[in-house]
Amino acid sequence: MYFPVADITLNPLIPFLIGLGVSVLSSPTGISGGFLILPICLNFLGFTSVSVSPTNFLFNIVAMPAGLWRLAREKRLLKGLGLLLMAGSLPGILAGMVLRNTWLKDASNFRIFVALVLSALALNLGRSLWGNGAGQRAERAFRARQKISSRPEDINTSYVGGRFSFSFCEEDFSISIASVLGVSLVVG
């Protein structure tokens, strides 16, 4: 079958099976498989036009609510922090669309950009998996505290002096609002 937007010809079951396979592999881990869909479209299916980005974007839009639902179900969703992340990522998403349609319109430049972003993500993931184990220790400590703590909706949060603060299990946490917005802008 010919896909005119992608300007490729292939069996229509192939994109469906790829999407299904990525979803089956990534959903149980709580991550979006969008980071896998894009390289597959670019390198294996030959889908290099600018319209490949909305395909990846749609995959992430569908996967993100599922991740939020999982966090809410596990009582790990802190709404104030989630709102900050959304406020920062929305302008980043819009800026990303503009950049993709201007500076990264050429497929070879876009491939280089994607390779750099995915390499940085892979290095960070590898560091957290094979590093000093701080991530695993933090997760175990969180699970232990969660059993004795109140629900996230009962956690007191505040926005004071440019910082987002909250208390969890009698321990205070605080982060710069500008930092959260900046990181979420770049991620968006």
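Every value quoted in this text rests on a predicted model; they were computed, and no experiment measured them.

Some points on the overall build of the chain
Looking only at helices and strands, the chain has seven helices and five strands in total. Secondary structure elements in the chain, listed N-terminal to C-terminal, are β-β-α-α-α-α-α-α-β-β-β-α. When the 188 residues of the chain are sorted by exposure, 24% land in the buried category. In the chain, once contacts between residues fewer than 6 apart in sequence are set aside, the share between residues at least 24 apart is 55%.

Some details on the packing of aromatic side chains
For the coordinates displayed, the defined rule picks out two aromatic pairs. Judged by centre distance (5.2 Å) and plane angle (50°), the rings of Tyr-159 and Phe-164 are tilted. Ring centres of Phe-164 and Phe-166 lie 6.0 Å apart, and the angle between their planes is 45°; on these two criteria the pair is classed as tilted. With relative accessibility at 0%, the residue Phe-164 sits in the buried group. Ring pairing ties together the aromatic residues Tyr-159, Phe-164 and Phe-166, which thus form one cluster. Note that Arg-100 overlies the ring of Phe-110, its terminal NZ or CZ placed 3.6 Å from the centroid.

Here we look at the nonpolar core
Formed by 15 residues in total, the largest nonpolar core has its most connected members in Ile-8, Leu-38, Cys-41, Leu-42, Phe-47, Val-52 and Phe-110. For this core, the secondary-structure elements that each account for two or more residues are α2 (34–44) and α5 (107–130). Top contributing element to this core by residue count: α2, with five residues.

Some words on helix α7 (residues 177–187)
Along α7, the residues classified as buried are Ile-177, Val-180 and Ser-184. Along the axis of α7, the buried residues cluster in a sector spanning 65°; they form a single face. Facing away from the buried surface of α7 by more than 90 degrees, the exposed residues are Ala-178, Val-183 and Val-186.

As for helix α4 (residues 79–101)
Here α4 spans 33 Å end to end across 23 residues, near enough to the 33 Å set by a 1.5 Å rise per residue. Within the span of α4, buried status applies to Gly-80, Leu-84, Gly-88, Ser-89, Gly-92 and Arg-100.

Thoughts on the environment of Ser-53
Mapping Ser-53 onto the fold places it in helix α3 (residues 52–73). In the structure, Ser-53 is positioned 44 residues away from Met-97 in sequence and 8.3 Å away in space, judged by C-alpha atoms. The contacts of Ser-53, once residues within four sequence positions are left out, are Arg-100 and Phe-110.

Focus on the side chain of Ser-184
The residue Ser-184 is located in helix α7 in this model. From its side chain, Ser-184 meets the backbone oxygen of Val-180 in a polar contact 2.9 Å long. Of note is the side chain of Ser-184, whose polar atom sits 3.1 Å from the backbone oxygen of Leu-181. The contact partners of Ser-184, leaving out residues within four places of it in the chain, are Leu-84, Leu-85, Gly-88 and Ser-89.

Some points on the confidence of the model for the chain
In the predicted model, the chain carries a mean pLDDT of 78, and the fraction of residues at 70 or more is 79%. Per-element mean pLDDT across the chain ranges from 67 in helix α6 (residues 134–148) up to 86 in α7.

Structural notes on a nonpolar patch on the surface
Taken together, the side chains of Leu-13, Phe-16, Leu-17, Leu-20 and Val-24 present a nonpolar region at the surface, about 510 Å² in accessible area. The topology assignment puts Phe-16 in helix α1 (residues 13–26). Residue classification places Phe-16 among the exposed positions, given a relative accessible area of 54%.

How each quantity is defined
- Residues numbered from 1 in each chain as written.
- Predicted model: local features only at pLDDT ≥ 70, side-chain atom pairs only at ≥ 80, totals over all residues.
- Heavy atoms only, no water.
- Helix = DSSP H or I, 4+ residues; strand = E, 2+ residues; numbered from the N terminus.
- Buried < 20%, exposed > 50% of the residue type's maximum accessible area, 1.4 Å probe, protein only.
- Contact = heavy atoms within 4.5 Å.
- Phe/Tyr/Trp six-rings, centres within 6.5 Å; stacked < 30°, edge-to-face > 60°.
- Lys NZ or Arg CZ within 6 Å of the ring centre and 35° of its normal.
- Core = buried A, V, L, I, M, F, W, Y, C linked by side-chain atoms within 4.5 Å.
- Arc of directions from axis to C-beta.
- Expected span 1.5 Å × (residues − 1).
- Polar contact = N/O pair within 3.5 Å; in protein donor to acceptor, adjacent residues only side chain to side chain.
- pLDDT = per-residue confidence, 0-100.
- Patch = residues over 30% accessible without salt bridge, like charges linked within 9 Å, V, L, I, M, F, W, Y side chains within 5 Å.
- Areas by Shrake-Rupley, 256 points an atom, 1.4 Å probe, with all protein chains shown as cover.
- Salt bridge = Lys/Arg side-chain N within 4 Å of Asp/Glu carboxyl O.

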